[in-house]
Amino acid sequence: MKTQELVALLAEDTRPTRAPAFGPLLLGAALAGAVVSAVVLAAWLGFRPLLPAMHSPHFWMKAGYTTLLAAAALLAGVRLARPGGRIGAALLLGGVTVAWLAMMAGHETMRASPGAMPKLWFGDSWNLCPFRILALAAPIFAVVIWVMRRMAPTRPALAGAAAGLLAGAVGATVYGLYCEETTAAFVLVWYSLGMAACAGLGAAVGSRLLRW
Amino acid sequence: MTDTETVLKGLMLRGLAGDAAAHARLLGALAGHLRAYFARRGAEADAEDLVQETLLAIHLKRDTYDTGQPFTPWAYAVAHYKLLDHYRRKGVRRAVPLEDAGVLLASENPEEGAVRRDLDRLLGELPPRQRALLEDVKLTGHSIEEAARRQGFTPGAAKVAIHRSLQKLAGKVRS
């Protein structure tokens, strides 16, 4: 077929087309996945007593950190879903979020006695936390990547990483409904590690699944 | 370049609104730029195939264009991606740096080159009725309405069938 003929053929398929709202689509995907994760968590580990937790600033520090990272990943995902999208704003938001928690962790460390250090940085569940976040992120990732497949990411690995980070950050937020660790230092290391693993796996999956 | 951007974006916006003539002009103009771009980036032998593949992609994914943004970077990103994907599929390790989107418009070549992978052959792999419909539109220049009548489709069903066929074709092009 000649290219001219192809152009004529494609022109026959011209219909009024409007851009789908990628932001709400990806957000909806993440929230739908989050509901599944919350059900999994309830059946698996259960929730911590939420009312007393909500009176603690630590609860909100943790939820704020994971939610802000989810927002950064969502923004990156929306941008990367379109050819030529730029992610400077998303990187800035993510960077500021991590820097904010790192400052809180530094503050905690300076005020803590030497004997309290292990508890501060390792808590009681450092060896479980990243894996649990990975597990809770899996259903969210499945929904998000399925939605993203219909878009047009021209950097599939990066788009997959954004999808993975979104799933990891939302999964970590869900995990906060169970996890009773309260220090910024713990969250900075082990929550971030779990979310980073999600982003890494997302990049690997994305570079295969997000081709078009 | 700025002028070309203005013209192409205008055509794109009209195409998105459903103006088939503007859409055809857009794709025709892009074909020339894409041909020159792929040839310059080392894919001379496959340039025409890449042009066709990219035009298909631009057509099928045009709803991902954000109308508030310039058009050229969007089209360039698709072309760059298709070139990378082409090398990856061929197993060629080759760096294709992301450049300023303006390189896409730097030159053009209206002369069609030879294709290696013939879309007509790929069309042959579609289900018979869809193929007949598509060939009727393509070969005889019939409008969809007319081709639909000849092939026993309702106009609405024919439009859907053509769109699906083009999506399948794009999938086959990549495999």
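Residues numbered from 1 in each chain as written. Chains lettered and ligands numbered in written order. Predicted model: local features only at pLDDT ≥ 70, side-chain atom pairs only at ≥ 80, totals over all residues.

(A) Focus on the overall build of chain B. Tallying secondary structure elements over chain B gives 8 helices and 0 strands in all. Shown N-terminal to C-terminal, the secondary structure of chain B runs as helices and strands in the order α-α-α-α-α-α-α-α. Here the C-alpha atoms of chain B give a radius of gyration of 17 Å, agreeing with the 16 Å that 2.2 N^0.38 yields for 175 residues. Referenced to the eigenvectors of the C-alpha coordinate spread, the extents of chain B come out at roughly 50 × 35 × 25 Å. Counting only residues that meet the buried cut, chain B has 39% of its 175 residues in that class. (Helix = DSSP H or I, 4+ residues; strand = E, 2+ residues; numbered from the N terminus. Rg over C-alpha atoms; globule rule 2.2 N^0.38 Å. Buried ≥ 20, exposed ≤ 12 C-beta atoms within 10 Å, placed from the backbone.)

(B) Region of interest: the overall build of chain A. Along its length, chain A carries 9 helices and 0 strands. Secondary structure elements of chain A occur, N-terminal to C-terminal, as α-α-α-α-α-α-α-α-α. Here chain A, with 212 residues, has 47% of them falling under the buried criterion. Taking the contacts inside chain A whose residues are at least 6 apart along the sequence as the reference set, 87% of them involve residues at least 24 apart. (Contact = placed C-beta atoms within 7 Å.)

(C) Region of interest: the packing of helix α7 (residues 129-148) of chain A against helix α9 (residues 184-209) of chain A. Residues and elements named next belong to chain A. Where α7 contacts α9, the axes come no closer than 9 Å and their chain directions differ by 35°. For α7 against α9, the interelement crossing comes out right-handed. Residues C129, P130, I133, L134, A137, F141 and I145 of α7 form the contact with α9, whose participating residues are W190, Y191, L193, G194, M195, A197, C198, G202, V205 and L209. Residue composition of the contact of α7 with α9, by class: 15 nonpolar, 2 polar and no charged. (Axes fitted to C-alpha atoms, helices over the stretch in contact; angles between N-to-C directions. Left-handed = near helix turned anticlockwise from the far one by under 90°. Nonpolar A, V, L, I, M, F, W, Y, C, P; charged D, E, K, R; others polar.)

(D) Molecular detail of the nonpolar core. Grouped together as the largest cluster of nonpolar side chains are 60 residues, with contacts concentrated most on A30, A73, V144, A162, L165 and L166 of chain A. Broken down by secondary-structure element, the contributors of at least two residues to this core are α2 (22-44), α4 (57-80), α5 (88-111), α7, α8 (156-175) and α9 of chain A. The element that contributes the greatest number of residues to this core is α8 of chain A, accounting for 13 residues. When neighbours within four sequence positions are excluded, L165 of chain A is seen to be in contact with L69, A73, M195, C198, A199 and G202 of chain A. Among the nonpolar cores identified, the runner-up in size contains 51 residues, and W74, V78, Y81 and L105 of chain B belong to it. (Core = buried A, V, L, I, M, F, W, Y, C linked by C-beta atoms within 7 Å.)

(E) Local environment of the interface of chain B and chain A. Across the boundary between the two partners, chain B contributes 40 residues, which contact 28 residues of chain A. Contributing elements (two or more residues each) for the side of chain B that touches chain A: α1 (2-16), α2 (20-40), α3 (47-60), α4 (71-90), α5 (119-123), α6 (128-140) and α8 (155-174) of chain B. Ranked by residue count, the leading element in the side of chain B that touches chain A is α4 of chain B, at 8 residues. Its residues placed into classes, the side of chain B that touches chain A shows 20 nonpolar, 10 polar and 10 charged.

(F) A look at the environment of A152 of chain A. Tracing the backbone through its elements, the reader meets A152 of chain A in the loop between α7 and α8. Separated by 102 residues in the primary sequence, A152 of chain A and L50 of chain A place their C-alpha atoms 40 Å from one another. With residues up to four places along the chain from it excluded, the contact list for A152 of chain A reads A81, R82, P83 and W212 of chain A together with K61 and T64 of chain B.

(G) Quick peek at the domain arrangement of chain B. Residue and element names in this part refer to chain B. Considered domain by domain, chain B is made up of domain 1 (2-105) and domain 2 (119-174). Using only C-alpha atoms to locate each centre, domain 1 and domain 2 end up separated by 24 Å. Contact with domain 1, which involves 5 residues of that partner, is made by 6 residues of domain 2. Here the residues of the side of domain 1 that touches domain 2 are counted per class, giving 3 nonpolar, 1 polar and 1 charged. (Domains from an automatic or database assignment.)

(H) How the structure looks around α8 of chain B. With 20 residues, α8 of chain B extends 29 Å between its outermost C-alpha atoms, agreeing within 8% with the 28 Å of an ideal straight helix rising 1.5 Å per residue. Along α8 of chain B, the residues that are buried comprise A158, A161, I162, S165 and L169 of chain B. For α8 of chain B, the angular spread of the buried residues around the axis is 100°, confining them to a single face. When the buried face of α8 of chain B is taken as reference, the exposed residues oriented beyond 90 degrees from it are G156, V160 and G171 of chain B. Where α8 of chain B is buried, its residues meet α1 (3-12) of chain A together with α3, α5, α6 and α7 (144-151) of chain B. (Expected span 1.5 Å × (residues − 1). Arc of directions from axis to C-beta.)

(I) Seen up close, the environment of G123 of chain A. With respect to the secondary-structure elements, G123 of chain A resides in the loop between α6 (117-122) and α7. Setting aside anything within four residues of it in sequence, one finds G123 of chain A in contact with E181, T183 and F186 of chain A.

(J) Here's a closer look at the packing of α5 of chain A against α9 of chain A. Residues and elements named next belong to chain A. Remark: α5 packs on α9, axes separated minimally by 7 Å, with the N-to-C direction vectors making an angle of 130°. As far as their axial angle goes, α9 and α5 are oblique. As α5 runs across α9, the sense of the crossing is left-handed. From α5, L101, A102, M104, A105, E108 and T109 reach across to α9, where they touch A184, A185, V187 and L188. Of the residues that constitute the contact of α5 with α9, the class distribution is 8 nonpolar, 1 polar and 1 charged. (Parallel < 35°, antiparallel > 145°, perpendicular 65-115°, else oblique.)

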